[in-house]
Every structure is written in structure tokens, then in C-alpha cells.
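Remarks on the overall topology
Here are the chains, one letter per residue:
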Amino acid sequence: MSVTIRFLPDNVTINAEVGEPLLQVAQRAGVFIPTGCLMGSCHACEVEINEGETICACISAVPPGSEQLTINLYSDPTW
């Protein structure tokens, strides 16, 4: 099942498949998500999905159950 992913704040939209890693989707879309440990413990890759829930993009995939997903990228000058 294809899911439309919208990356904010740049408003970049791309289609992805359920289960596809979020970092891979972002890379295909030309969107940079900073990473650190790639294991979810440093939270450098933390993003907000659907206006509220925060997840670590490095250990997350496109979830099932929706046709659209909005991912809001944080800007942290440390990373």
C-alpha cells in the first residue's frame, strides 16, 4: 500500500510503501534528517508525525493504516 509522505517545513511530498524505513524515504525525497547513533537512543533523528507524536526516524518505518503521513523535522543546531 502506498502512503503519501509530506515533510515539513519544506513541504516536500513523496510516495512510500508501508514498512519502508523513514530515513530511506527522506533520502529519496532529498530531505536531510540528522542522525547520530542510528539506534534510537541519542534522539538526533527525532521527528514529529501527524502533529503530535514524536519518533526516532532511524528506527522507524512508514506505518500501516493511513494514506497520508506528515513528518515535521526539528532543527537542532547541535546536530
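Anything mentioned here points back to the structure above.
As a convention, each chain's residues are numbered from 1 in the sequence order in which they are written. Residues qualify for local features only when their pLDDT is at least 70, as the model is predicted, and side-chain atom pairs are given and counted only at 80 or more; totals for whole chains, interfaces and linings, by contrast, use all residues. Hydrogens and water are ignored here; the side-chain numbers use all heavy atoms of the structure.

1. Focus: the sheet that holds strand 4 (residues 53–56)
Ordered by their spatial adjacency, 5 strands build an open sheet running 2-1-5-3-4, and the pairing between neighbours is mixed. Both outer strands of the open sheet, strand 2 (12–17) and strand 4, are each paired with one neighbouring strand and no more. Adjacent strand axes in the sheet meet at a mean angle of 35 degrees, parallel and antiparallel pairs treated alike. Helix 1 (residues 22–29) rests against strand 1 (2–8), strand 2, strand 4 and strand 5 (68–73) of the sheet, and its axis sits at about 135 degrees to strand 2. In this analysis, strands are considered paired if DSSP registers two or more bridges between them. Only DSSP runs of H or I reaching four residues or more are called helices, and only runs of E reaching two or more are called strands; each is numbered from the N terminus. The axes are straight lines fitted to the C-alpha atoms, using for helices just the contacting stretch, and the angles between their N-to-C directions are given from 0 to 180°. Only heavy atoms enter the contact rule, under which two residues are in contact if any of them lie within 4.5 Å.

2. Some remarks on unusual backbone geometry
With an omega of 10 degrees, the peptide bond between Leu8 and Pro9 qualifies as cis. The topology assignment puts Pro9 in the loop between strand 1 and strand 2. For Asn11, which is not a glycine, the phi torsion comes out positive at approximately 55 degrees. Phi at His43 takes a positive value of approximately 65 degrees, unusual for a residue other than glycine. By the secondary structure assignment, His43 is in the loop between helix 1 and strand 3 (46–49).

3. Quick notes on the pairing of strand 3
Each residue gets one of three labels from its accessible area relative to the maximum for its type: buried under 20%, exposed over 50%, partly exposed in between, using a 1.4 Å probe on protein chains only. By the alternation rule, side chains of strand 3 split into Val47 and Ile49, which are all buried, and Glu46 and Glu48, of which none is buried. Looking at chain direction, strand 3 and strand 4 are connected through 4 bridges and run antiparallel. Its bridge partner lying in strand 4, Glu46 is registered against Cys56. Where strand 3 folds back onto strand 4 in an antiparallel hairpin, the turn is made up of 3 residues, including Asn50, whose phi is positive at roughly 45 degrees. Alignment of strand 3 against strand 5, held across 3 bridges, turns out to be antiparallel. Its bridge partner being in strand 5, Glu48 is matched across the sheet by Asn72.

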